[in-house]
Amino acid sequence: RVVIGYDLLFDLSGYVLGIKRLDVDYNGIVVKTVGQLDGLASLPRADLKIAIPGLDLRQAVKALPPGLLGPSVGALDPAGTLQAEITLVGMLDQPLSLLKTASLNLVKLQATAGGQRPSLSGRLLLDGDRLHSEKLTLGLGDDTADVELIASKLFDKPVVVRADLTSKRFQLDPLLQG
């Protein structure tokens, strides 16, 4: 089931598509977009803000066509909620350079792996080619750890990642058994 709601304005003289509202709901997976596309007659350019207001991962996996994600995703049994705000700006013929900023709010994101079911909550922020975390927490059973994550040169090689975990008590044995 796909439901689309929109409020668009097309300027024929400048070949600009103004998007006051473009809401797409695919089986409960909701994406909201505002912004504009210009230069549609020659060199199309985007200036868009995209929001995913609250995506329940378990429901999203069920909402997608069978086989789209592959059998390994089902085995992970993903769960939790994701909220995203994304800014795309640039030329459409350079899709890899469109992503400018993103904010991902994670609420108890979980997956089963190696007999364990860790969870992740907090915020990930992307600014250009740099990613960092805010109040990111890793949970496993009764244990929790604060995670400070910084990654740079995301679209280059080598990607540089630093992660610091801080906890008063965190059992590593369950993680190392896999």
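Shown above is the structure to which this text applies.
Residues numbered from 1 in each chain as written. Predicted model: local features only at pLDDT ≥ 70, side-chain atom pairs only at ≥ 80, totals over all residues. Heavy atoms only, no water.

Caption draft 1: Representation of unusual backbone geometry in the model. For the bond from Lys157 to Pro158, the omega torsion is -5°, close enough to zero to count as cis. Checked against the element boundaries, Pro158 lands in the loop between strand S9 (143-152) and strand S10 (160-166). Although it is not a glycine, Asn27 adopts a positive phi angle of roughly 50°. Here Asn27 is to be found in the loop between strand S2 (16-26) and strand S3 (29-38). Owing to a relative accessible area of 32%, Asn27 belongs among the partly exposed residues under this scheme. A positive phi angle, near 50°, is found at Lys108, a position not held by glycine. (Helix = DSSP H or I, 4+ residues; strand = E, 2+ residues; numbered from the N terminus. Buried < 20%, exposed > 50% of the residue type's maximum accessible area, 1.4 Å probe, protein only.)

Caption draft 2: Geometry of the side chain of Thr87. With respect to the element layout, Thr87 can be found in strand S5 (residues 79-91). If sequence neighbours within four positions are ignored, Thr87 has contacts with Leu48, Lys49, Leu98, Leu99, Lys100 and Thr101. (Contact = heavy atoms within 4.5 Å.)

Caption draft 3: Quick look at the pattern of salt bridges. Under the criterion given, the structure shown has seven salt bridges. The salt bridge involving Asp77 is made with Arg117; its shortest N-O contact spans 3.8 Å. Placement of Asp77 in the loop between helix H2 (71-76) and S5 and of Arg117 in the loop between strand S6 (99-110) and strand S7 (119-127) is noted, with a sequence separation of 40 residues between them. On the accessibility criterion, Arg117 (25% relative accessible area) is partly exposed. Between Glu134 and Arg123 there is a salt bridge, with the nearest N and O atoms lying 3.4 Å from each other. Highlighted residues: Glu134 in strand S8 (residues 130-140) and Arg123 in strand S7, separated in sequence by 11 residues. Overall, Arg123 belongs to the partly exposed group, its relative accessible area being 31%. (Salt bridge = Lys/Arg side-chain N within 4 Å of Asp/Glu carboxyl O.)

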